[in-house]
Each structure stands twice: as C-alpha cells, then as structure tokens.
Amino acid sequence: MIEKKITSTFRELDDAAELPATLQSLLLKAKEAIEDAYAPYSSFRVGAAALLENGIVVKGSNQENASSPVGICAERVTLSAVSAMYPGIAVVAIAISARPGNHTLTEPVAPCGICRQAIIEYEERFSKPIQLILQGESGKIAWLENTTMLLPLAFRRESLKR
Ligand code: THU
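The structure displayed is predicted, hence computed values, not measured ones. (Residues numbered from 1 in each chain as written. Predicted model: local features only at pLDDT ≥ 70, side-chain atom pairs only at ≥ 80, totals over all residues. Heavy atoms only, no water.)

Inspection of the region around the ligand gives Ser42, Phe44, Val46, Asn62, Glu64, Cys73, Ala74, Glu75, Ala110, Pro111 and Cys112 as its neighbouring residues. Contact between the ligand and Glu64: an oxygen atom at 2.5 Å from a side-chain N or O atom of the residue. With respect to the ligand, the backbone of Cys112 contributes an N or O atom lying 2.9 Å from an oxygen atom. Protein coverage of the free-state accessible area of the ligand, which is 370 Å², stands at 73%. Across the shell around the ligand, the residue classes tally to seven nonpolar, two polar and two charged. (Near = heavy atom within 4 Å. Polar contact = N/O pair within 3.5 Å; in protein donor to acceptor, adjacent residues only side chain to side chain. Areas by Shrake-Rupley, 256 points an atom, 1.4 Å probe, with all protein chains shown as cover. Nonpolar A, V, L, I, M, F, W, Y, C, P; charged D, E, K, R; others polar.)

The structure is reproduced here in structure tokens:
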C-alpha cells in the first residue's frame, strides 16, 4: 500500500489592486452580474463572469425556480451562455461573487461541487486551465491558477472510454 497526498494551493489577496488589471475588471463584472440574479427563494444572489481567450467577457447569475432542483448556479448559467454564444472558444478565467439577503458576505464564495465538475470539463475540452477569482461583497480574494485542484480525483471523461 502506498499513501498518496493531494495538495492544493491558492493565493489570498487583501486587495483587488493586487490582481492583474484584466482580472480586476472581471471581478467587477461578476459583481455587476449579481444584479441579474433571480433568487427569490434563497435570497442568495450569485454573479459570475467568464473571460474568454479572445478577451470577451460573458456574465451569468443564479436562476432559481419554484421547483428547486430546476434552479441553476451562476457558474453553469455562465458556462452555458459561453458555449451557446462562443462555441469553440476557451475560457481562461472565471470570477465569482455573491450577496446574501440576510448578512454581509466578507469571505470568498467557492463554486459548488456540480459547478466544479462543469468547469473542469471545460478545462479539459480546451486543454486550458481556468483561473478562479473569488470574493464576497468585500474582504479577502482567493485566486486559483486552475479549477482542477478544487476537485481532486474528479470523475473524468477518459473513464468513459472503451
Ligand atoms: N449558487 C450558485 O449560484 N453558485 C454556487 O456555486 C453555489 C450556490 C446558488 C444556487 C442557489 O440559487 C443559491 O446560490 C443558494 O444556494
């Protein structure tokens, strides 16, 4: 038996000014996208913004439904919009922010497990890492080089090969 260790590293920033300019504006776009959220059930509004390799930015937000499983997270709304509007173009970064209805969020928000799986598939399809920039309404920023490290031992499409 051998023991294997999985490690993940990310950068924690005190201020958005420490990010490259393109990622600073991507984070602002994610915050803008919060305004488009439809979250009457949870009141937890999430905004995401994807930077494509051609420089285009696509925004998305969570869209809830009276039948709760029908609701879609901001990250997957965004990726679906990207693949519908810009098929074949890789995503290089996604910024995510959120605003809950009942408190001020000062910690970064990380994508849920389903969204991690969806983002990783996009990384694999285009053989390009997708950086993540995560922030609450204010406070520290988490900056990750890729999304794969957020889901160790992920289920991968190679497993489906015969
Ligand atoms: N939500 C997202 O949009 N992204 C995530 O990664 C986590 C959760 C949404 C889903 C739901 O509309 C609300 O936040 C509360 O869970």
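Once that is clear, we can look at the pattern of salt bridges. This structure, assessed with the given rule, holds eight salt bridges. The shortest N-O distance in the salt bridge between Arg11 and Glu145 comes to 3.5 Å. Here the residue Arg11 occupies a position in strand β1 (residues 11-13), and Glu145 occupies one in the segment after β6 (141-144), the gap between them amounting to 134 residues. The exposure class assigned to Arg11 is partly exposed, which follows from its relative accessible area of 40%. (Salt bridge = Lys/Arg side-chain N within 4 Å of Asp/Glu carboxyl O. Helix = DSSP H or I, 4+ residues; strand = E, 2+ residues; numbered from the N terminus. Buried < 20%, exposed > 50% of the residue type's maximum accessible area, 1.4 Å probe, protein only.)

Strands pair in a sheet through their backbones, by hydrogen bonds, and they do so in one of two ways: parallel or antiparallel. Pairing in this open sheet of six strands is mixed, and the strands run β1-β6-β5-β4-β2-β3 from one edge to the other. Two strands lie at the open edges of the sheet, namely β1 and β3 (57-61), each paired on one side alone. Within the sheet, the average angular offset between the axes of one strand and its neighbour, ignoring direction, is 15°. In this structure, strand β4 (residues 91-99) lies alongside strand β5 (residues 131-135), joined through four bridges in parallel fashion. (Pairing = 2+ DSSP bridges. Axes fitted to C-alpha atoms, helices over the stretch in contact; angles between N-to-C directions.)

Relative to the elements of secondary structure, Ser97 occurs in strand β4. Here Gln135 takes part through its backbone oxygen, which lies 3.1 Å from a polar atom of the side chain of Ser97. The residues touching Ser97, leaving out its near neighbours within four places in the chain, are Ala30, Lys31, Ile34, Arg45, Val46, Gly47, Val109, Gln135, Gly136 and Glu137. (Contact = heavy atoms within 4.5 Å.)

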